[in-house]
Amino acid sequence: GLCSSSAGTAGVDIASAASIAAGANVQRFNPQDGVKIAATDEEAKADSAADAAAGDVDTQCQEILNSLPDAATVKADVTFSMTPIDFDKDIDAQMRVVAAVSNLRARNYNIPE
């Protein structure tokens, strides 16, 4: 399996993860025209205030939900299953994932790690 357990800590089977990742269909990113990303906290606050005034959050959420594919379509494409686990800050493997994802975000936005 993808995850194994030993002495109370969880490990990741790298070969299985690599095999699954190799089979993933990742679409090429195409930026949309007219999309602006805030470069400073002040711009983010101004954009947030403008977004709040622009529309109802519930309506926006419903639009997003309506744009998602049917669950049956997604289930048909899945060749493996995942089981949720309880997060425990005392499990080193889980905290390594948290740290790795945090570092990926930092690198993506040029935030010092």
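Since we're looking at a predicted model, the values are computed, not measured.

**Student:** Explanation requested: the overall build of the chain in the structure shown.
**Tutor:** Within the chain, the regular secondary structure consists of 5 helices and 2 strands. In the chain, the succession of helices and strands from N to C terminus is β-β-α-α-α-α-α. Here the chain holds 113 residues, and 4% of them are scored as buried. Taking as baseline every contact in the chain between residues at least 6 positions apart, the subset at least 24 positions apart corresponds to 12%. Put simply, the chain shows about 10,200 Å² of open surface, and 56% of that area lies on carbon and sulfur atoms.

**Student:** Would you mind showing me how to read helix α1 (residues 14–22) here?
**Tutor:** Each turn of an α-helix holds 3.6 residues, which means side chains three or four residues apart point in the same direction. A small share of α1 lies buried, amounting to 0 of its 9 residues. In this structure Asp13 caps α1, since a side-chain oxygen of it lies 3.3 Å from the backbone nitrogen of Ala15.

**Student:** What's the story with the pattern of salt bridges in this structure? I'm lost.
**Tutor:** Think of it this way: side chains of opposite charge can pair up when their charged atoms draw near. In this structure the tally under the stated criterion is 1 salt bridge. Taking the shortest distance from any N to any O, the salt bridge between Asp90 and Lys89 comes out at 3.5 Å. Here the two residues Asp90 and Lys89 agree in accessibility, since each one is exposed.

**Student:** Whenever I open this one, a nonpolar patch on the surface confuses me. Can you help?
**Tutor:** Taken together, the side chains of Phe87, Met95 and Val98 make up a nonpolar region of the molecular surface, amounting to roughly 260 Å² of accessible area. One can find Phe87 in the loop between α4 (71–77) and α5 (92–108). Phe87 sits in the exposed class, given a relative accessible area of 54%.

**Student:** It is not clear to me how the confidence of the model for the chain should be interpreted in this structure. Could you clarify?
**Tutor:** Any segment with low pLDDT has predicted coordinates that should not be analysed in fine detail. A residue-level look at the chain finds 76% of positions with pLDDT of 70 or above and a mean pLDDT of 77. Looking across the chain, the model is least confident in strand β1 (residues 3–6), with a mean pLDDT of 47, and most confident in α5, with 87. Long-range and interchain partners of residues 4–9, a stretch whose pLDDT sits below 50, account for 3 contacts in this model, where long-range means more than four residues apart.

**Student:** Any chance you could explain the side chain of Gln94 here in plain terms?
**Tutor:** With respect to the secondary-structure elements, Gln94 resides in helix α5. Taking the relative accessible area as the measure of exposure, Gln94 reaches 11% and is therefore buried. At 2.7 Å, the side chain of Gln94 forms a polar contact with the backbone nitrogen of Asp88. Excluding residues within four positions of it along the chain, Gln94 makes contact with Ile85, Asp86, Phe87 and Asp88.

**Student:** What is the right way to look at α5 in this model?
**Tutor:** Its 17 residues place the ends of α5 24 Å apart at the C-alpha level, agreeing with the 24 Å of an ideal helix rising 1.5 Å per residue. Restricting attention to buried positions, one finds in α5 the residues Ala93, Gln94 and Ala106. Trailing α5 by a residue or two, Asn110 shows a phi angle of about 55°, which is positive.

Calculation criteria
Residue numbering note: each chain is counted from 1, following its sequence as written. Local features are withheld for residues below a pLDDT of 70 in this predicted model, meaning they are given only at 70 or higher, and side-chain atom pairs are given and counted only at 80 or more; totals for whole chains, interfaces and linings count all residues. Side-chain calculation: all heavy atoms of the structure are included, whereas hydrogens and water are not. Each helix corresponds to a stretch of at least 4 residues labelled H or I by DSSP, and each strand to a stretch of at least 2 residues labelled E; elements are numbered beginning at the N terminus. Burial classification: accessible surface area is computed with a 1.4 Å probe over protein chains only, and a residue below 20% of its type maximum counts as buried, one above 50% as exposed, and the rest as partly exposed. Any pair of residues with heavy atoms lying within 4.5 Å of one another is described as a contacting pair. Using a 1.4 Å probe, the Shrake-Rupley method yields the accessible areas, and only the shown protein chains count as cover for residues. The term polar contact refers here to a pair of N or O atoms within 3.5 Å; inside protein, the definition further demands a hydrogen-donor-capable atom paired with an acceptor-capable atom, and it admits residues adjacent in sequence only when both atoms are side-chain atoms. Note on definitions: salt bridges are taken to be side-chain nitrogens of Lys or Arg within 4 Å of carboxyl oxygens of Asp or Glu. Nonpolar side chains (Val, Leu, Ile, Met, Phe, Trp, Tyr) are joined into patches within 5 Å and like charges within 9 Å, using only residues with over 30% relative accessible area and no salt bridge. Across the chain, each position has a pLDDT score giving the predictor's confidence in that residue, from 0 to 100. A helix is expected to span 1.5 Å multiplied by its residue count minus one.

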